[in-house]
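Examination of the molecular architecture
Spelled out, the chains give:
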Amino acid sequence: METLRLILLILHILGFSALIGGLLAQAGPGDKKVTGVMRDGIGTAFLAGLLLVGVLEGGDDPVNHAKVAVKLTIGLVLLVLVMANMRKAKIPNGLWAGLLVLAVAEVCIAVLWSPVHSS
């Protein structure tokens, strides 16, 4: 089970890396758009996250359901926004910035809302 958990965790991290990388690749002036890398990244992160929760629920350690709910909500918003704007030639800068803020917030929540960092 531990190996499966680690594989899913790595896939989850790589998914968010692809999403954030796809967003940051468009930083600066010029039109922004949702790319296939961003779509695949959030899809991978979302699915791996769901499976990761399933594996954690099957384990002996307690699962922080509040953290899972917050991450699931933000992840679902990201997934919907990316999929809804996939076929558009360009997206507004505000939407691009919002996607970036939400993606970085997901990473911050994962890292900072962890039992490893509590005193």
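Residues numbered from 1 in each chain as written. Predicted model: local features only at pLDDT ≥ 70, side-chain atom pairs only at ≥ 80, totals over all residues. Heavy atoms only, no water.

Where an unreviewed UniProt entry is consulted, the chain appears under the name Peptidoglycan/LPS O-acetylase OafA/YrhL, with the organism given as Nocardioides kongjuensis.

Along the chain, the regular secondary structure elements total four helices and zero strands. The C-alpha radius of gyration of the chain comes to 15 Å, within 12% of the 14 Å expected for a compact globule of 119 residues. Along the longest, intermediate and shortest principal axes, the C-alpha atoms of the chain span 50 × 30 × 20 Å. Counting every position in the chain, which comprises 119 residues, the buried fraction comes to 32%. Sequence-distant contacts in the chain: of pairs separated by 6 or more residues, those separated by 24 or more amount to 78%. Carbon and sulfur atoms form 71% of the exposed surface of the chain, whose accessible area is close to 7100 Å². Here the chain carries 9 positive and 7 negative side-chain charges, and the mean point of each set is 17 Å from the other. (Helix = DSSP H or I, 4+ residues; strand = E, 2+ residues; numbered from the N terminus. Rg over C-alpha atoms; globule rule 2.2 N^0.38 Å. Buried < 20%, exposed > 50% of the residue type's maximum accessible area, 1.4 Å probe, protein only. Contact = heavy atoms within 4.5 Å. Areas by Shrake-Rupley, 256 points an atom, 1.4 Å probe, with all protein chains shown as cover. Lys, Arg positive; Asp, Glu negative; His and termini not counted. Charge placed at Lys NZ, Arg CZ, Asp CG, Glu CD.)

Attention now moves to the pattern of salt bridges. Summed over all chains, the structure comprises three salt bridges. Two residues, E2 and R5, come together in a salt bridge whose shortest N-O distance is 2.7 Å. Of the two residues, E2 and R5 are both situated in helix α1 (residues 2–24); the distance of three residues between them amounts to about one turn of the helix. A residue is classified by how much of its surface remains accessible, and E2, at 45% relative accessible area, is partly exposed. A relative accessible area of 24% places R5 in the partly exposed class. D40 is paired through a salt bridge with R39; the nearest N and O atoms lie 2.9 Å apart. (Salt bridge = Lys/Arg side-chain N within 4 Å of Asp/Glu carboxyl O.)

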